[in-house]
There are 2 protein chains.
Amino acid sequence: MRQIPVALTIAGSDSGGGAGIQADLKTFTVLGVYGMSAITAITVQNTVGVRDALVLEPELVAAQIDAVLEDIGCDAAKTGMLGTAQVVRAVADRVAAHEVRNLVVDPVMVAKSGDRLLAEDASSALVADLLPLARVVTPNLPEAEALLGHEIAEDAMEDAAREICALGCRAVVLKGGHGGGDEAIDLFFDAETERIERMSAPRYDTRNTHGTGCTFASAITAHLAKGLDLRNAVAMGKRFVTEAIRRGLPLGSGHGPTDHIGAGRLF
Amino acid sequence: MRQIPVALTIAGSDSGGGAGIQADLKTFTVLGVYGMSAITAITVQNTVGVRDALVLEPELVAAQIDAVLEDIGCDAAKTGMLGTAQVVRAVADRVAAHEVRNLVVDPVMVAKSGDRLLAEDASSALVADLLPLARVVTPNLPEAEALLGHEIAEDAMEDAAREICALGCRAVVLKGGHGGGDEAIDLFFDAETERIERMSAPRYDTRNTHGTGCTFASAITAHLAKGLDLRNAVAMGKRFVTEAIRRGLPLGSGHGPTDHIGAGRLF
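Residues numbered from 1 in each chain as written. Chains lettered and ligands numbered in written order. Predicted model: local features only at pLDDT ≥ 70, side-chain atom pairs only at ≥ 80, totals over all residues. Heavy atoms only, no water.

Here we look at the packing of aromatic side chains
Okay, so step 1: This structure, assessed with the given rule, holds two aromatic pairs over all chains.
Okay, so step 2: When the centroid spacing of 5.8 Å and the interplanar angle of 50° are considered together, the rings of Phe240 of chain A and Phe267 of chain A count as tilted. Taken together, the positions of Phe240 of chain A in helix α8 (residues 230-246) and Phe267 of chain A in the segment after α9 (260-264) put the pair 27 residues apart, joining distant regions of the chain.
Okay, so step 3: Owing to a relative accessible area of 0%, Phe240 of chain A belongs among the buried residues under this scheme.
Okay, so step 4: By relative accessible area, Phe267 of chain A is classed as partly exposed at 36%.
Okay, so step 5: Above the face of the Tyr34 of chain B ring, Lys26 of chain A is positioned so that its terminal group lies 3.8 Å from the ring centre. (Phe/Tyr/Trp six-rings, centres within 6.5 Å; stacked < 30°, edge-to-face > 60°. Helix = DSSP H or I, 4+ residues; strand = E, 2+ residues; numbered from the N terminus. Buried < 20%, exposed > 50% of the residue type's maximum accessible area, 1.4 Å probe, protein only. Lys NZ or Arg CZ within 6 Å of the ring centre and 35° of its normal.)

Quick notes on a negative patch on the surface
All names here are of chain A.
Okay, so step 1: Residues Glu154, Asp155, Asp159 and Glu163 make up a contiguous surface patch of negative charge.
Okay, so step 2: Relative to the helices and strands, Asp155 is located in the loop between α5 (141-148) and α6 (157-166).
Okay, so step 3: For Asp155, a relative accessible area of 72% translates into the label exposed. (Patch = residues over 30% accessible without salt bridge, like charges linked within 9 Å, V, L, I, M, F, W, Y side chains within 5 Å. Areas by Shrake-Rupley, 256 points an atom, 1.4 Å probe, with all protein chains shown as cover. Salt bridge = Lys/Arg side-chain N within 4 Å of Asp/Glu carboxyl O. Lys, Arg positive; Asp, Glu negative; His and termini not counted. Charge placed at Lys NZ, Arg CZ, Asp CG, Glu CD.)

Here's the deal with the packing of helix α1 (residues 20-30) of chain A against helix α7 (residues 212-225) of chain A
Residue and element names in this part refer to chain A.
Okay, so step 1: Packing of α1 against α7 brings their axes to within 9 Å, and their N-to-C directions diverge by 40°. In terms of their interaxial angle, α1 and α7 are classed as oblique. The two elements α1 and α7 meet at a crossing, and its hand is right-handed. Seen from α1, the contacting residues are Gly20, Ala23, Asp24, Thr27 and Phe28; seen from α7, they are Cys214, Thr215, Ser218, Ala219, Thr221 and Ala222. (Axes fitted to C-alpha atoms, helices over the stretch in contact; angles between N-to-C directions. Parallel < 35°, antiparallel > 145°, perpendicular 65-115°, else oblique. Left-handed = near helix turned anticlockwise from the far one by under 90°. Contact = heavy atoms within 4.5 Å.)

Considerations on the relation of the copies chain B and chain A
Okay, so step 1: Between chain B and chain A, which share one sequence, the superposing operator has a rotation angle of 180° and an axial displacement of 0.0 Å; the RMSD is 0.0 Å. The operation mapping one copy onto its partner corresponds to a two-fold rotation axis. Rotation axis and chain B: the residue whose C-alpha lies nearest the axis is Lys26 of chain B, separated from it by 3.2 Å. (Least-squares fit on C-alpha atoms with pLDDT ≥ 70 in both.)

Details of the interface of chain B and chain A
Okay, so step 1: Residue-level contacts link 52 residues of chain B with 52 residues of chain A.
Okay, so step 2: Counting the surface lost from both chain B and chain A, the interface buries some 3800 Å², and carbon and sulfur atoms represent 67% of this.
Okay, so step 3: The interface formed by chain B and chain A contains two salt bridges.
Okay, so step 4: Between Arg51 of chain A and Glu70 of chain B there is a salt bridge, and its shortest N-O distance comes to 2.8 Å.
Okay, so step 5: On inspection of chain B and its partner chain A, the count reaches 19 residue pairs in polar contact (both at pLDDT 80 or more).
Okay, so step 6: If you list the elements that add at least two residues to the side of chain B that touches chain A, you get β1 (6-14), α1 (20-30), β2 (34-45), β3 (50-55) and α2 (58-71) of chain B. (Buried area = accessible area lost by both parts, 1.4 Å probe. Polar contact = N/O pair within 3.5 Å; in protein donor to acceptor, adjacent residues only side chain to side chain.)

If you want it as structure tokens, here you go:
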């Protein structure tokens, strides 16, 4: 029995601190969870865009995962930017070997700025190798379309959620934040319980949304690490990211980051 | 006028989460400071030791610093593991170009596990190029000896502190934690004000001290970013790290990390 819940993020580094392992570690920390990280890529990034990115060798990513899971272990883990099909496969291999429970897969493909974060040929590796290991996968609409290989009509989110689970994962949060309307509506579907739920939150008029996806997924991960069941971890994660967006920070000249510190005060 | 103080860490990544940019970002976060990072090296590390380390190209380190300081700026910055003389020089070059105020230089040379984190020939670059840019430098006794090129007797800490400032920096915290006794005594010397002060704290009997140096330096950095003067930033940093050590986490089978989350509750 550990003194503190422990979570691992396997993702890219965002120098600007708003997304990537930085957003994940901040979220874990303000939610009272000890954070560890296996870095997959170094991005040269700020609120305006991604200037450069170095994806690490799959062996180095695997070695980081092994080092921390052999020694410390974890109560939950998440994946974010993985970069290449080789890294996707290496991560899936180690996650399976260590029998990681509570894996949250955020299928990061494109940064808020529009910069590509996953090689085009890596989407199929994500589906084939990583999704079957996930407790939950958290695509936004464009990512869901890429995973499924077809467009999703606005009134077909439920079908799409079921279709994503049919790819091999056990649950999905299909994020409608990129759609229109006054509310940001996410669809939660758990194939294990057949539970389906629309989770809505106010949509705030802000440009400071850099790292929103990372923040949501890491808040779900933190709550899973703390022992919540999946439905409640997703609901608490949604509450966390909504508050972080509401308090979004006007830093930099592009999309500023969400406010992890402020959002943590809710919990 | 920013809504939140901002700090930048320029350091290595510790996958285990107890030291490096992970410790720095956690410390910034619990102290209410927005954290950014320029990663210098990827270490494959846990509480037992450093299994592998990839030092990044100096250009990539410089690009991360440029990306965040051109866009967001910072109120304080710190350096940790820099790895090679080339990275030391690149960091010094960019820190000078961006006229970073409140630079805390933690001259990281060796990990708690004994693994070397700075190339042997990099010490002179640290002294020649980086120290003159520092508001304060925070060596422990072995690091101070390496900077000065000679041993420091137990009763000669004050002389050593003055000698380090004579190398070109404006203030030093010479950390006596590696010495003996019931108390962990640090010597603070500010060459600008000629103020000299012994700061003592209880020494706790714990093996969970991984990342202590990073945590102290980042707590000083956070308090400088919040506008404290140097003496008070050091005193508050000492209080933070002492509490983090007192609450040290028994994670892993080696030196567990200090407890940033718990220590943050003091502030």
